[in-house]
Amino acid sequence: YRCIRQQELRHYLHQRSVNDCMGKYEQKNNTICKDTIDTVQSVLECCGTDNAADWEKYPDFVAGPPSSCCKNKDEKTCTYDQAYPEGCYTKINTFVNSNAKYIGFGVLGVALVELAGMALACYLRTFIVKRTDIFNHTLPKRLTSCNGTITNLTRF
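Note that this is a predicted model, so its numbers are computed, not measured.

**Q** So, a nonpolar patch on the surface: which residues are in play, and what are the values?
**A** Where nonpolar side chains cluster on the molecular surface, the patch consists of V43, L44, I92, F95, V96, I103 and V107 and spans about 610 Å² of accessible area. Breaking the nonpolar patch down by element, the ones donating at least two residues are helix 2 (31–44) and helix 3 (88–138). Sorting elements by how many residues they give to the nonpolar patch places helix 3 first, with five residues.

**Q** Any details on the pattern of salt bridges? Residues and values, ideally.
**A** By the definition in use, this model includes two salt bridges. A salt bridge links D38 to K34, with the nearest nitrogen and oxygen atoms 3.2 Å apart. In this pair, D38 and K34 are both assigned in helix 2, four residues apart and thus about one turn of the helix distant. Put simply, K91 and E86 hold a salt bridge, and the shortest N to O gap is 4.0 Å.

Cut-offs and rules
- Residues numbered from 1 in each chain as written.
- Predicted model: local features only at pLDDT ≥ 70, side-chain atom pairs only at ≥ 80, totals over all residues.
- Heavy atoms only, no water.
- Patch = residues over 30% accessible without salt bridge, like charges linked within 9 Å, V, L, I, M, F, W, Y side chains within 5 Å.
- Areas by Shrake-Rupley, 256 points an atom, 1.4 Å probe, with all protein chains shown as cover.
- Salt bridge = Lys/Arg side-chain N within 4 Å of Asp/Glu carboxyl O.
- Helix = DSSP H or I, 4+ residues; strand = E, 2+ residues; numbered from the N terminus.

What follows is the structure, given as structure tokens:
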């Protein structure tokens, strides 16, 4: 069952990136997809989801992929032959799989720091409550004044 779910998730992420953001790349009112794809392709040095040919499905990129697919960022000279050979999905998948141990340890470390903070906060609260209780119980219940009259402190 777990393996089936992993395959479904991978397929969903794979299809979602192709159909959703790549299709909106050239829309003028949706710059977030363009900026995200350009950043990912430039930083990871990848092109498309599986490879540069993924861009051929879109009419604006029949002649060549976006400039972020090539080392030479001149948009007019980027061709499918010059594009990065590896797809971004493959590159991200490889990175996550090869570094999953370190990512897991990082998450575990953050969780332990959070738990330690909660434990210290609980200890501090308990310490303050005990200190307040001790202070309240050590006060004398009655106080004798200089002239010998007794004042009852319980009404305060």
